Amino acid sequence: MSTEKFQGMAHEYAKYRPSYPENLYQFLYNNLNFSHQKIIADIGAGTGKFSLPLIKSGLKVYCIEPNKDMKDKMDEGLNVYENYIGISASAENTSLMDQSIDYIVCAQAFHWFNTSLFKQECKRILRTDNNIVLIWNVSDDNDELNNNHFHINKQYCPEFKGFSGGINKIDPYQFNEFFTNSPCNYKIFENNIFYDCVDTFIGKCLTGSYAPKIDDSNYKPYINSLKKMYEKYATRQGLVIKNNSVIYWGHV
């Protein structure tokens, strides 16, 4: 069912969802040995937002995405690269060959997976005990604006469990049942997000799986509350959301 939550949202997802900071990628290259000799699998790749910089740098990346709308959008943007291979498949059954992958990355996706089945699939497709890297963009919960935003979502979005599926950016123990090394490694990168106008901010908010749809009774009050929040905190230049990109990595 999780694959259906983003159906029809690929254009907005590609347009409004934030990307990831350059120093995060540099960390993967310099500290986790990502290189042109390695083969990467991006599981739950969405529209390919995380993988694009890897592909542009020359790495061969298999992008696994079960949602047809997302996969089509990803193909549209990435098919021009020979080192991009897009595959329609789930995280739990990637269709990749046994021991064919050096590193697995999952950006904004792991919280949708069946963890135990995905762990088995990782063991099957990884060549050795190479790293699996889990990535999220996570709002700074010490910020007043983000707390206001959190409460708006709690009020109008019944399925809201917290930003990024409720992932806690400072708790490496939350993945104890997945990674064999406990606690797993993690690192935080500042990645503040800038919105140049209220429509861009609202567009991003509506890409959340929990966001009310246009025919929902909560839709209009949700939009109005977001507009008021934007007006309260924005400057003439726009709105800055304090955000971090966090990575967790380890073995299975």
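Heads up: the structure comes first, above all this text.
Residues numbered from 1 in each chain as written. Predicted model: local features only at pLDDT ≥ 70, side-chain atom pairs only at ≥ 80, totals over all residues. Heavy atoms only, no water.

So, the overall build of the protein chain
Then, in step 1: Regarding its fold elements, the protein chain presents eight helices and nine strands.
Then, in step 2: Expressed as lengths along the three principal axes of its C-alpha atoms, the size of the protein chain is roughly 50 × 35 × 35 Å.
Then, in step 3: Going through the 252 residues of the protein chain one by one, you find that 52% of them count as buried.
Then, in step 4: Looking at the protein chain alone, contacts between residues at least 24 apart form 76% of all its contacts between residues at least 6 apart.
Then, in step 5: When the accessible surface of the protein chain is split by element, carbon and sulfur atoms take 46% of a total near 12400 Å².
Then, in step 6: Of the charged side chains in the protein chain, 26 are positive and 28 negative; the average position of the first set lies 2 Å away from that of the second. (Helix = DSSP H or I, 4+ residues; strand = E, 2+ residues; numbered from the N terminus. Buried < 20%, exposed > 50% of the residue type's maximum accessible area, 1.4 Å probe, protein only. Contact = heavy atoms within 4.5 Å. Areas by Shrake-Rupley, 256 points an atom, 1.4 Å probe, with all protein chains shown as cover. Lys, Arg positive; Asp, Glu negative; His and termini not counted. Charge placed at Lys NZ, Arg CZ, Asp CG, Glu CD.)

Side note on the pairing of strand E1 (residues 39-43)
Then, in step 1: For E1, the buried fraction is high: five of the five residues fall into the buried class.
Then, in step 2: Burial of E1 is two-sided: the residues Ile-39, Ala-41 and Ile-43 facing one way and the residues Ile-40 and Asp-42 facing the other way are all buried.
Then, in step 3: Relative to strand E2 (residues 60-64), E1 is paired through five bridges, and the arrangement is parallel. Residue pairing for E2: Ile-39 is matched across the bridge by Lys-60. (Pairing = 2+ DSSP bridges.)

A word on the sheet that holds E1
Then, in step 1: If you trace the seven strands from one edge of the open sheet to the other, you get E3-E2-E1-E4-E5-E9-E6, paired in mixed fashion. The two strands at the open ends of the sheet, each matched to only one other strand, are strand E3 (84-87) and strand E6 (185-190). The sheet shows a mean angle of 20 degrees between the axes of neighbouring strands, direction not considered.
Then, in step 2: Across the sheet, helix H2 (residues 22-31) is in contact with strand E5 (132-139), E6 and strand E9 (243-250); its angle to E9 comes to roughly 15 degrees.
Then, in step 3: The strands touched by helix H5 (residues 115-125) within the sheet are E1, strand E4 (103-107) and E5, with E4 carrying the most contacts at an inclination of about 145 degrees. (Axes fitted to C-alpha atoms, helices over the stretch in contact; angles between N-to-C directions.)

Some thoughts on the packing of helix H7 (residues 198-205) against helix H8 (residues 219-233)
Then, in step 1: Put simply, H7 and H8 touch, their axes get as near as 10 Å, and they point 130 degrees apart. Between H7 and H8, the angle falls in the class oblique. Remark: the crossing between H7 and H8 carries right-handed chirality. Contacts between H7 and H8 involve Val-198, Phe-201, Ile-202 and Cys-205 from the first element and Tyr-222, Ile-223, Leu-226, Lys-227, Met-229 and Tyr-230 from the second.
Then, in step 2: For the contact of H7 with H8, a count of residues per class yields nine nonpolar, no polar and one charged. (Parallel < 35°, antiparallel > 145°, perpendicular 65-115°, else oblique. Left-handed = near helix turned anticlockwise from the far one by under 90°. Nonpolar A, V, L, I, M, F, W, Y, C, P; charged D, E, K, R; others polar.)

Purely spatial values, then, with no claim about function.
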